[in-house]
2 protein chains.
Amino acid sequence: MTVRTIEVRERVMARNDELAAGVRARLAEHGVVALNLMSSPGSGKTTLLERTLAVLGEPLDIAVVTGDCQTQNDADRLAAHTARLVQAVVTGGACHLDALQLSDALDHIDLGKTRLIIVENVGNLVCPASWDLGEKSRVILFAVTEGEDKPLKYPKMFEKADWVVITKTDLLPHVPFDVERAVRYCLQINPRLQFIHISAMTGHGMNAWFDFLRQSIRPLAGV
Amino acid sequence: MTVRTIEVRERVMARNDELAAGVRARLAEHGVVALNLMSSPGSGKTTLLERTLAVLGEPLDIAVVTGDCQTQNDADRLAAHTARLVQAVVTGGACHLDALQLSDALDHIDLGKTRLIIVENVGNLVCPASWDLGEKSRVILFAVTEGEDKPLKYPKMFEKADWVVITKTDLLPHVPFDVERAVRYCLQINPRLQFIHISAMTGHGMNAWFDFLRQSIRPLAGV
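A brief structural summary. (Residues numbered from 1 in each chain as written. Chains lettered and ligands numbered in written order. Predicted model: local features only at pLDDT ≥ 70, side-chain atom pairs only at ≥ 80, totals over all residues. Heavy atoms only, no water.)

**Brief notes about the overall build of chain A**
Note the threshold: By the criteria applied, helices consist of DSSP H or I runs no shorter than four residues and strands consist of E runs no shorter than two, each listed in order from the N terminus. Radius of gyration here is computed from C-alpha atoms only, and the compact-globule reference equals 2.2 Å multiplied by the residue count raised to the power 0.38. We call a residue buried when its accessible area falls under 20% of the maximum for its residue type, exposed when it is over 50%, and partly exposed in between, using a 1.4 Å probe and counting protein chains only. Per-residue and other accessible areas were derived by the Shrake-Rupley procedure at a 1.4 Å probe size, with only the shown protein chains allowed to occlude residues. Charge assignment in this entry is limited to Lys and Arg as positive and Asp and Glu as negative, and neither His nor the chain termini are counted. By convention, charge coordinates are those of NZ in Lys, CZ in Arg, CG in Asp, or CD in Glu.
Helix and strand counts for chain A stand at eight helices and seven strands. Since a compact globule built from 223 residues should have a radius of gyration of about 17 Å, the 17 Å found for chain A is in line with a globular shape. When its C-alpha atoms are laid out on the principal axes, chain A stretches across 50 × 45 × 35 Å. Counting only residues that meet the buried cut, chain A has 58% of its 223 residues in that class. Summed over all atoms, the accessible surface of chain A reaches about 9,000 Å², with 50% contributed by carbon and sulfur. Looking at charge distribution, chain A has the averaged site of its 24 positive side-chain charges lying 2 Å from that of its 27 negative ones.

Here's what the structure looks like:
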């Protein structure tokens with residue numbers, strides 16, 4: 001039984017990797033950069049995107065693709081704050097986005113008028129790690145309300161990521177969270193990780209996040 | 001491809017349900033109650049269990065089974081606070097516990113000297129919902145640092161649960177979390193849900209949690 005499961009899974013993953021390569025090629029052709037935003041449920045992905053769209057939606061020509069198990073709540077929240085396109089993918093209970101879903105979502109996005117696509121993955125620190133979507137970079141949101149040892153407990157997610165955004169820093173006075181230890185654990189799993197510390201509530205650190213987004217599209221946009 | 005995946009998945013799930021029925025029968029035979037504790041990563045499962053073992057570990061003959069993707073950090077944290085058995089299940093990256101893993105864990109627990117087994121599932125609001133472990137009740141931890149709409153976004157988890165423990169209530173003054181709305185969303189998904197509000201940090205509400213645990217074993221223990 002186990003062996004059969006693994007065989008099928010490997011075939012499914014191989015097909016996903018093919019589709020992700022197709023997404024990557026299609027994005028490159030149009031000079032569009034995609035970021036894959038991943039985290040636990042409730043780490044602040046949607047709030048961060050609300051603030052981001054309000055400030056950089058137009059200047060960076062951002063489109064957002066949100067993945068949700070059953071609702072399009074996040075997409076509705078985001079659409080209320082922006083004229084930019086927000087494309088909802090309802091996974092029907094599945095625990096991650098896959099490259100086919102992103103590929104389908106791209107059909108609804110005018111890539112000629114888009115420079116940055118931010119994909120808000122399903123809130124889950126396990127499964128999305130295994131699914132390449134064709135993104136340029138993977139960004140994990142890591143809230144200070146979680147335990148510092150998340151990188152050790154969900155290593156695959158951190159191994160495959162490029163950036164870690166420490167969120168909800170306004171709550172640091174109220175929670176037993178040691179930022180230095182959390183960063184050390186992240187680097188123990190993946191020494192190449194880079195960090196941004198933000199509070200979307202107070203605005204602290206948001207400029208560093210905005211700079212990261214501008215930087216992400218710079219090589220392609222030639223700015 | 002999709003059809004094949006579903007077929008295999010259904011076969012795997014059917015086998016899991018058989019194994020869960022076996023676990024349930026084995027626990028009933030020994031008069032042991034199992035609770036399946038589920039939540040997002042970082043909702044406070046391990047901290048709650050630390051406090052629980054300290055107070056009720058001996059009086060209720062509690063054993064704990066912790067599921068973790070890669071580490072046994074949680075098991076180590078818990079073992080530091082109790083002489084009761086803490087059995088670690090490292091899932092090797094899998095995103096949930098299954099009935100076979102719990103069945104194997106039971107082989108290491110003296111069921112004759114145990115009345116309550118608390119299973120700390122992998123931190124994940126999606127996948128564990130589909131896997132019956134043979135538990136009596138399912139308990140979701142829902143931290144006030146998460147969004148109120150978690151029940152709408154992860155409905156399967158809440159549909160199949162019996163109790164919701166609202167955690168980290170000490171942070172309510174610092175987060176934009178509307179408890180009434182969160183409860184309303186929970187009941188919208190599952191009107192049978194019951195609620196406990198706690199802060200493991202301040203101790204607020206812990207007596208209600210302890211009463212719930214005592215009550216859980218009462219019918220079997222004849223107390």
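From this point, things continue past the structure.
**A closer look at the side chain of Lys153(B)**
The following threshold applies: Here a polar contact means two N or O atoms within 3.5 Å. Within protein one must be a hydrogen donor candidate and the other an acceptor candidate, and residues neighboring in sequence count only if both atoms are side-chain atoms. Should any heavy atoms of two residues lie within 4.5 Å, those residues are counted as being in contact.
Along the polypeptide, Lys153(B) turns up in helix α5 (residues 150-153). One polar contact links Lys153(B) to Asp74(A), side chain to side chain, over a distance of 2.8 Å. For Lys153(B), the residues in contact, after removing those within four places along its chain, are Thr46(A), Asp68(A), Cys69(A), Gln70(A), Thr71(A) and Asp74(A).

**Considerations on the sheet that holds strand β3 (residues 86-90) of chain A**
Residues and elements named next belong to chain A. Note the threshold: Should DSSP find at least two bridges between two strands, the strands are taken to pair. Convention adopted: a line fitted to C-alpha atoms gives each axis, helices being fitted over their contacting stretch, and angles between N-to-C directions are expressed from 0 to 180 degrees.
Across the sheet, seven strands lie side by side as β3-β2-β4-β1-β5-β6-β7; this open sheet has parallel pairing. In the strand order of this sheet, the two ends are held by β3 and β7 (194-197), each with one partner. Pairs of neighbouring strands in the sheet enclose a mean axial angle of 20 degrees, with direction left out of account. Across four bridges, the pairing between strand β6 (residues 163-167) and β7 is parallel. Within the sheet, the bridge partner assigned to Ile 166 lies in β7 and is His 197.

**Considering the nonpolar core**
Which entries qualify depends on this criterion: Joining through side-chain atoms within 4.5 Å is the link that ties buried Ala, Val, Leu, Ile, Met, Phe, Trp, Tyr and Cys residues into a set, and such a set is a nonpolar core.
By size, the foremost hydrophobic cluster in this structure holds 48 residues, and its most contacted members are Phe142(A), Phe158(A), Phe142(B) and Phe158(B). Breaking this core down by element, the ones donating at least two residues are β5 (137-143), α6 (155-159), β6 and α7 (179-189) of chain A together with β5 (137-143), α6 (155-159), β6 (163-167) and α7 (179-189) of chain B. In terms of residue count, α7(B) provides more of this core than any other element does, four residues in total. The contact partners of Phe158(B), leaving out residues within four places of it in the chain, are Ile140(B), Phe142(B), Lys150(B), Pro151(B), Val164(B), Cys186(B), Ile189(B), Asn190(B) and Leu193(B).

**Thoughts on empty space enclosed by the protein**
Filter applied, for reference: Think of a 1 Å grid over just the protein atoms. A cavity is a set of points where a 1.4 Å probe fits yet cannot get out, a pocket is an open set with protein on both sides within 12 Å along at least five of seven lines, and lining residues have an atom within 4 Å of a point. Grid points are joined across faces, edges and corners, and a volume is the space filled by probe spheres set on the points. Three classes are used: nonpolar for Ala, Val, Leu, Ile, Met, Phe, Trp, Tyr, Cys and Pro, charged for Asp, Glu, Lys and Arg, and polar for all others, with Gly counted as polar.
By the definition in use, this model includes one cavity of 30 Å³ or more. Roughly 50 Å³ of internal volume is contained in the largest cavity. Every residue along the wall of the largest cavity is listed here: Pro41(A), Gly42(A), Ala143(A), Thr145(A), Glu146(A), Ser40(B), Pro41(B), Gly42(B), Ser43(B), Thr145(B) and Glu146(B). Looking at the lining of the largest cavity, its residues break down into three nonpolar, six polar and two charged.

**What to know about the interface of chain B and chain A**
Worth spelling out the cut-off: Put simply, buried area is the surface a 1.4 Å probe can reach on two separate parts but cannot reach once they are joined, added for both. Salt bridge, as applied in this entry: a Lys or Arg side-chain nitrogen positioned within 4 Å of an Asp or Glu carboxyl oxygen.
Listed as interface residues are 42 residues of chain B and, on the opposing side, 42 residues of chain A. In total, about 3,000 Å² of surface goes out of reach between chain B and chain A, with carbon and sulfur atoms giving 64% of it. At the boundary of chain B and chain A, one finds two salt bridges. Salt-bridge contacts for Lys153(B) lead to Asp74(A); the nearest nitrogen and oxygen are separated by 2.8 Å. Secondary structure elements with two or more residues in the side of chain B that touches chain A: α1 (2-29), α3 (73-79) and α5 of chain B. Looking at the side of chain B that touches chain A, the element that brings in the most residues is α1(B), giving six residues. Residue composition of the side of chain B that touches chain A, by class: 18 nonpolar, 13 polar and eleven charged.

**Looking at the pairing of β3(A)**
Residue and element names in this part refer to chain A. Put simply, the rule reads: When the strands point away from the viewer, a crossover counts as right-handed if the path from the first strand over the helix to the second runs clockwise.
Relative to β3, strand β2 (residues 62-68) runs parallel, the two sharing five bridges. Bridge assignment links Thr 66 to a residue of β3, and that residue is Ala 88. Handedness of the β-α-β unit built from β2, helix α3 (residues 73-79) and β3 comes out right-handed.

**Some remarks on the side chain of Thr169(B)**
Examined against the element boundaries, Thr169(B) turns out to sit in the loop between β6 and α7. Every residue in contact with Thr169(B), bar those within four places of it in the chain, is listed here: Val144(B), His197(B), Ile198(B), Ser199(B) and His204(B).

**Let's talk about the packing of aromatic side chains**
Residue and element names in this part refer to chain A. Formally: Pairing of aromatic side chains requires ring centres within 6.5 Å, counting the rings of Phe and Tyr and the six-membered ring of Trp. Pairs whose planes differ by under 30 degrees are stacked, by over 60 edge-to-face, and all others tilted.
For the structure shown, the criterion picks out eight aromatic pairs over all chains. When the ring of Phe 142 is compared with that of Phe 177, the centres are 5.7 Å apart and the planes differ by 85 degrees; the resulting orientation is edge-to-face. Of this pair, Phe 142 sits in strand β5 while Phe 177 sits in the loop between β6 and α7, and the two are 35 residues apart along the sequence. The buried category is assigned to Phe 142, whose relative accessible area is 1%. Arranged with centres 5.5 Å apart and planes meeting at 40 degrees, the rings of Trp 209 and Phe 212 form a pair that is tilted. Within this pair, Trp 209 and its partner Phe 212 are both found in helix α8 (residues 206-221), separated by three residues, close to a single helical turn. By relative accessible area, Phe 212 is classed as buried at 6%. Site record: aromatic cluster; members linked through ring pairs are Phe 142, Phe 158 and Phe 177.

**Quick word on the sheet that holds strand β7 (residues 194-197) of chain B**
Strands belonging to one sheet form pairs held by backbone hydrogen bonds; the direction of such a pair is parallel or antiparallel. All names here are of chain B. The seven strands lie next to each other as β3-β2-β4-β1-β5-β6-β7, forming an open sheet whose pairing is parallel. The open sheet has two edge strands with one neighbour each: β3 (86-90) and β7. Across the sheet, the mean angle separating the axes of adjacent strands is 20 degrees when strand polarity is ignored. Note: β5 against β6, five bridges, orientation parallel. Residue Leu 141 lies in a different strand from β6, and its bridge partner there is Val 165. Most of the contacts of helix α4 (residues 99-106) go to β3, to which it runs at about 145 degrees, and overall it touches β2 (62-68), β3 and β4 (116-120). Across the sheet, α7 touches β5, β6 and β7, and the angle it forms with β7 is around 155 degrees.

Purely spatial values, then, with no claim about function.
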